[in-house]
Amino acid sequence: MPDRQRTDDTNDAVAGDQDPSPDAGNEAARRRRRAQFLRELHEAKALRDRVQPRRARAERMRQAVRMRTFRW
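About the cut-offs
- Residues numbered from 1 in each chain as written.
- Predicted model: local features only at pLDDT ≥ 70, side-chain atom pairs only at ≥ 80, totals over all residues.
- Heavy atoms only, no water.
- Helix = DSSP H or I, 4+ residues; strand = E, 2+ residues; numbered from the N terminus.
- Buried < 20%, exposed > 50% of the residue type's maximum accessible area, 1.4 Å probe, protein only.
- Areas by Shrake-Rupley, 256 points an atom, 1.4 Å probe, with all protein chains shown as cover.
- Salt bridge = Lys/Arg side-chain N within 4 Å of Asp/Glu carboxyl O.
- 1 Å grid on protein atoms, 1.4 Å probe; cavity = no way out; pocket = protein on both sides within 12 Å on 5 of 7 lines; lining within 4 Å.
- Points joined across faces, edges and corners; volume = space filled by probe spheres on them.
- Nonpolar A, V, L, I, M, F, W, Y, C, P; charged D, E, K, R; others polar.

A. The overall build of the chain, seen in detail. On a plain count of helices and strands, the chain comes out with 2 helices and 0 strands. Counting across all 72 residues of the chain, residues that qualify as buried make up 4%. Just so you have it, the chain exposes about 7200 Å², and 52% of that area is on carbon and sulfur atoms.

In structure tokens:
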């Protein structure tokens, strides 16, 4: 799954006279939330793969086909 930049991040909407660099505390909190989200997402995908092995195998096959057809 590709990493996509969030469009609702308040650090991107900067007024003309404000400092464009984000606050270190806000950045650290955002990174912690993102890391937690990615951990939970990975855990949910692993659970789904265990519960639905046929669907997981089919998804792995589709991913393999996508990777074979991808041009570097």
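B. Region of the structure containing the pattern of salt bridges. All told, the structure shown has 4 salt bridges when counted by the stated rule. Residue Arg30 is joined to Glu27 by a salt bridge in which the shortest nitrogen-to-oxygen separation is 2.9 Å. Residue Arg30 and its partner Glu27 are located together in helix α1 (residues 24-51), separated by 3 residues, close to a single helical turn. Where Arg31 meets Glu27, a salt bridge forms, and the shortest distance between an N and an O atom there is 3.3 Å. With a gap of 4 residues between them, Arg31 and Glu27 both fall in helix α1, about one helical turn apart.

C. Up close: the layout of surface pockets. Roughly 340 Å³ of volume is contained in the second largest pocket. It is helix α2 (residues 53-69) that provides the largest number of residues to the lining of the second largest pocket, a total of 6 residues. Along the lines of polarity and charge, the residues of the lining of the second largest pocket split into 2 nonpolar, 2 polar and 7 charged.

D. Structural view of the environment of Ala56. Tracing the chain through its elements places Ala56 in helix α2. Put simply, Ala56 and Lys45 are 11 residues apart on the chain and 9.2 Å apart in space, counted from C-alpha to C-alpha.

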